Amino acid sequence: MTYDSEYLASLRDKKDLSVLFVCLGNICRSPAAEGLMKAVVEEAGDSDRWYIDSAGTGGYHTGDLPDPRMRAHASRRGYNLTHRARKVLEQDFRRFDLIIPMDSANEDYLRRLAPTAEAERKIVPMINFVTLPTRFDHIPDPYYEGAEGFELVLDLLENGTANLHAQLTD
Ligand code: 4NP
């Protein structure tokens, strides 16, 4: 859960920002974060500044749309999730300014994948942007949960993506 707050603060002055959200399957949490973040920047009117994507540490669902349960829950809140799953790559550390894991397993994977210490500074766990009161220190995997698991993920991510945007915007 540690991250480089100086690096994060340095991004406030950057003209264009690229953010990659990462979970395990890239069909539940990270494509939801991607969709919610895209809505935040649209609403704020600064979508030109942002490049937003998501990926998974596992490749089992490559090419798939988000899980139908996540799409249904997101749709009820007005979000249309259309991402196609892909595996995270070492070269993503060159393409993106920020790489945002959902839990500590995703974070550990990314730290091993990072090609340099400089690249590793780009990793900032999603929970660091969440200010909602929660007993979780990560974004919990909803895959084996019921409807409330998906709703919880969306609550945490709506709050976290809004705060991420605010932290990087003057
Ligand atoms: P995600 O959820 O990491 O939030 O996309 C999962 C999706 C699929 C699996 C696990 C977690 N799976 O084991 O297939």
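Being a predicted model, the structure only gives us computed values, none of them experimental.

J.: So, the overall build of the protein chain: which residues are in play, and what are the values?
T.: When you go through the protein chain residue by residue, the secondary structure sums to seven helices and three strands. Taking 2.2 N^0.38 as the reference for a compact globule, 170 residues should give roughly 15 Å; the C-alpha atoms of the protein chain span a radius of gyration of 15 Å, in line with that estimate. C-alpha atoms of the protein chain, sized along the principal axes, occupy 40 × 35 × 30 Å. Put simply, the protein chain has 170 residues, and 50% of those count as buried. Summarising the internal contacts of the protein chain: among those between residues at least 6 apart in sequence, 76% fall at separations of at least 24.

J.: Tell me what's going on with the site of the ligand, and back it up with residues and numbers.
T.: Around the ligand, the neighbouring residues are Cys-23, Leu-24, Gly-25, Asn-26, Ile-27, Cys-28, Arg-29, His-61, Asp-141, Tyr-143 and Tyr-144. Gly-25 places a polar main-chain atom, nitrogen or oxygen, 2.8 Å from an oxygen atom of the ligand. Burial of the ligand by the protein chains amounts to 91% of its free accessible area of 360 Å². Across the shell around the ligand, the residue classes tally to six nonpolar, three polar and two charged.

J.: So what's going on with the environment of Pro-133? Residues and values would help.
T.: Relative to the elements of secondary structure, Pro-133 occurs in the loop between helix H6 (117-120) and helix H7 (147-167). A relative accessible area of 79% places Pro-133 in the exposed class. Between the C-alpha atoms of Pro-133 and Leu-156, which are 23 residues apart in sequence, the distance is 9.3 Å.

J.: Now, about the packing of helix H3 (residues 68-76) against H7: what can you tell me, with residues and values included?
T.: Direction vectors running N to C along H3 and H7 enclose 55°, while the axes themselves pass 10 Å from each other. The angle between H3 and H7 falls in the class oblique. Here H3 and H7 pass one another in a crossing that is right-handed. Touching Arg-69, Met-70, His-73, Ala-74 and Arg-76 of H3 are Ala-147, Phe-150, Glu-151, Val-153 and Leu-154, all from H7. Along the lines of polarity and charge, the residues of the contact of H3 with H7 split into six nonpolar, one polar and three charged.

J.: Any details on the nonpolar core? Residues and values, ideally.
T.: Judged by nonpolar contacts, the single largest core of 37 residues is most densely connected at Phe-21, Leu-98, Ile-139, Leu-157 and Leu-164. Here this core takes six residues from H7, the largest share from any one element. Not counting the four nearest positions on each side in its chain, Leu-98 is found in contact with Tyr-7, Leu-8, Leu-11, Ser-18, Val-19, Leu-20, Lys-122, Val-124, Leu-164 and Leu-168.

J.: Could you give an account of the sheet that holds strand S1 (residues 17-23), naming the residues involved and the relevant values?
T.: Taken together, the three strands give an open sheet; going across it, the order is S2-S1-S3, and neighbouring strands pair in parallel fashion. One side of each edge strand has no neighbouring strand; the edge strands of this open sheet are strand S2 (50-56) and strand S3 (98-101). This sheet shows a mean twist of 20° between the axes of neighbouring strands, independent of strand direction. Here S1 runs beside S3; their pairing, made up of four bridges, is parallel.

Quick notes on the rules
Residues numbered from 1 in each chain as written. Predicted model: local features only at pLDDT ≥ 70, side-chain atom pairs only at ≥ 80, totals over all residues. Heavy atoms only, no water. Helix = DSSP H or I, 4+ residues; strand = E, 2+ residues; numbered from the N terminus. Rg over C-alpha atoms; globule rule 2.2 N^0.38 Å. Buried < 20%, exposed > 50% of the residue type's maximum accessible area, 1.4 Å probe, protein only. Contact = heavy atoms within 4.5 Å. Near = heavy atom within 4 Å. Polar contact = N/O pair within 3.5 Å; in protein donor to acceptor, adjacent residues only side chain to side chain. Areas by Shrake-Rupley, 256 points an atom, 1.4 Å probe, with all protein chains shown as cover. Nonpolar A, V, L, I, M, F, W, Y, C, P; charged D, E, K, R; others polar. Axes fitted to C-alpha atoms, helices over the stretch in contact; angles between N-to-C directions. Parallel < 35°, antiparallel > 145°, perpendicular 65-115°, else oblique. Left-handed = near helix turned anticlockwise from the far one by under 90°. Core = buried A, V, L, I, M, F, W, Y, C linked by side-chain atoms within 4.5 Å. Pairing = 2+ DSSP bridges.

Geometric values such as these leave the question of function open.
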